[in-house]
Amino acid sequence: MRSRGLSSIVLVIILTAGCGGQAAPPSAEAVARQAEDSAGVRIAKLVRLDYGAAMPTPPGEDDLVVPVDIGEYDESRTTGVMRLGADASDLTTTFHRTNVPGELKLVPDDLSSMTTRVISIDGSGTYEHRADRRDVPAGKTWLHHSGSGCGTLERAVGSLDLRAILSPEVLRKLTAPAPSPGEVIDGVGTVVHAGSAAQSEFSGPAPGVDPATLEVLRERFRSVEVSWRLWAGPDGLPRRLRLEEAMPAAEEGMPRTSVTEIDFTGWGSDVTVVPPPAEQVHEAGSCLAPEPR
């Protein structure tokens, strides 16, 4: 299977009643202060995909193909921790099919073998554990790659992954819209920044990438629109983020929209991220694909 994943601050305000009535520091600066102390934050992320049309199920024993409003999977849930400053994370993702009619028996609903744990440590690379990968030799349970170019193309077209979202550049864009009062989240009052932009506005440099390839990718994603709502606490730290990406030019069989909801809790937590045991690690010869090949 191929992944359908998606995959996505200057905050100077006077908080309204219920939010403490104090000026909030810029979110980018607040996160940067956390990074200086190498403090951690807990992550809970939910991604829902909408393919915009019925997708055929795999043929059964009678070769019957039934159109169902699902893709390979409709939902992923990620939990784990990130350590700022040290730039490390330990995140586990589970996958789920949703909206499958109960009478359909052709569609397996046990996706436990797809559960993916990814450990990323700046300077050490990325480690991935997944039970159904076929490119892991016997006796090994983790794949590892430390190539500096991995993920460059995704960043070049504006991928809003967790690390990018907490970067100063992206945070400033997300909080540029004027805030409005928000609800209490994680025990604190919040304000909300809501806006929309082309995904390409979140793109970054792509050193070493073939210019022709880069232009093709950027043209493909030029029509992708990102809408967001970001909730920030009185300390300027993000508490919740909702991203909706619309992809009108998506190829057949690819998601037309995706909705990502992220909760950030436990800012300042003492987080330790360590690589897996060396004897369990297999060195990959290329950047890690998110799905088994």
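Not measured: the values here are computed from a predicted model.

A short note on the overall build of the protein chain
Here comes step 1: Scanning the protein chain for helices and strands turns up 5 helices and 16 strands.
Here comes step 2: In the protein chain, buried positions account for 43% of the 293 residues.
Here comes step 3: Carbon and sulfur atoms make up 53% of the accessible area of the protein chain, which amounts to about 14,600 Å² in all.

Observations regarding unusual backbone geometry
Apart from glycine, the bulk of residues carry a negative phi angle, and the bulk of peptide bonds sit in the trans form.
Here comes step 1: The phi dihedral of Asp87 falls on the positive side, at around 55°, and the residue is not glycine.
Here comes step 2: Within the secondary structure, Asp87 sits in the loop between β6 (75–83) and β7 (88–96).
Here comes step 3: Using a relative accessible area of 28% as the deciding quantity, one classes Asp87 as partly exposed.

Details of the sheet that holds strand β12 (residues 191–198)
Here comes step 1: Read from one edge of the open sheet, 12 strands run β11-β12-β13-β14-β15-β3-β6-β7-β8-β9-β10-β16, paired in mixed fashion. Unpaired on one side and paired on the other, β11 (180–181) and β16 (281–283) mark the two borders of the sheet.
Here comes step 2: Pairing analysis gives 3 bridges linking strand β10 (residues 142–145) to β16, with the strands arranged parallel. Across the sheet, the residue bridging to Trp142 is Val281, located in β16.

Some words on helix α1 (residues 27–36)
Here comes step 1: Three or more residues of α1 are buried, namely Ser27, Ala28, Ala30, Val31 and Gln34. The buried residues of α1 all sit within an arc of 165° when viewed along its axis, so they share a single face.
Here comes step 2: Check the buried side of α1 and you find it contacts α4 (168–174), β13 (225–232), β14 (238–246) and β15 (257–269).
Here comes step 3: In the stretch just after α1, Ser38 is the one whose phi turns positive, near 55°.

A closer look at the pairing of β12
Here comes step 1: Taken together, the 2 bridges between β11 and β12 define a ladder with antiparallel strand orientation. For Pro181, the partnering residue across the bridge sits in β12 and is Val191.
Here comes step 2: Inspection of the sheet shows β12 paired to β13 by 8 bridges, in the antiparallel sense. Opposite Ala197, over in β13, you have Val226 as the bridge partner.

Re the confidence of the model for the protein chain
Here comes step 1: In the predicted model, the protein chain carries a mean pLDDT of 78, and the fraction of residues at 70 or more is 68%.
Here comes step 2: Strand β1 (residues 13–14) is the least confidently modelled element of the protein chain, averaging 30 in pLDDT, while β6 averages 95, the highest of any element.
Here comes step 3: Every residue in residues 1–23 is under pLDDT 50, and counting partners more than four places away or in other chains gives 73 contacts.

Considerations on the pattern of salt bridges
Here comes step 1: If you walk through the whole model with that rule in mind, you get 13 salt bridges.
Here comes step 2: The salt bridge involving Asp87 is made with Arg163; its shortest N-O contact spans 3.4 Å. Here Asp87, found in the loop between β6 and β7, pairs with Arg163, found in helix α3 (residues 162–165); they are 76 residues apart in sequence, far enough to count as distant.
Here comes step 3: The exposure class assigned to Arg163 is partly exposed, which follows from its relative accessible area of 32%.
Here comes step 4: The salt bridge involving Glu128 is made with Arg133; its shortest N-O contact spans 2.3 Å.
Here comes step 5: Judged by its relative accessible area of 5%, Glu128 falls in the buried class.
Here comes step 6: By relative accessible area, which is 7% here, Arg133 ends up buried.
Here comes step 7: Through salt bridges with shared partners, a single ionic network connects Arg48, Glu75, Arg77, Arg242, Glu244 and Glu261.

About the criteria used
- Residues numbered from 1 in each chain as written.
- Predicted model: local features only at pLDDT ≥ 70, side-chain atom pairs only at ≥ 80, totals over all residues.
- Heavy atoms only, no water.
- Helix = DSSP H or I, 4+ residues; strand = E, 2+ residues; numbered from the N terminus.
- Buried < 20%, exposed > 50% of the residue type's maximum accessible area, 1.4 Å probe, protein only.
- Areas by Shrake-Rupley, 256 points an atom, 1.4 Å probe, with all protein chains shown as cover.
- Pairing = 2+ DSSP bridges.
- Arc of directions from axis to C-beta.
- Contact = heavy atoms within 4.5 Å.
- pLDDT = per-residue confidence, 0-100.
- Salt bridge = Lys/Arg side-chain N within 4 Å of Asp/Glu carboxyl O.

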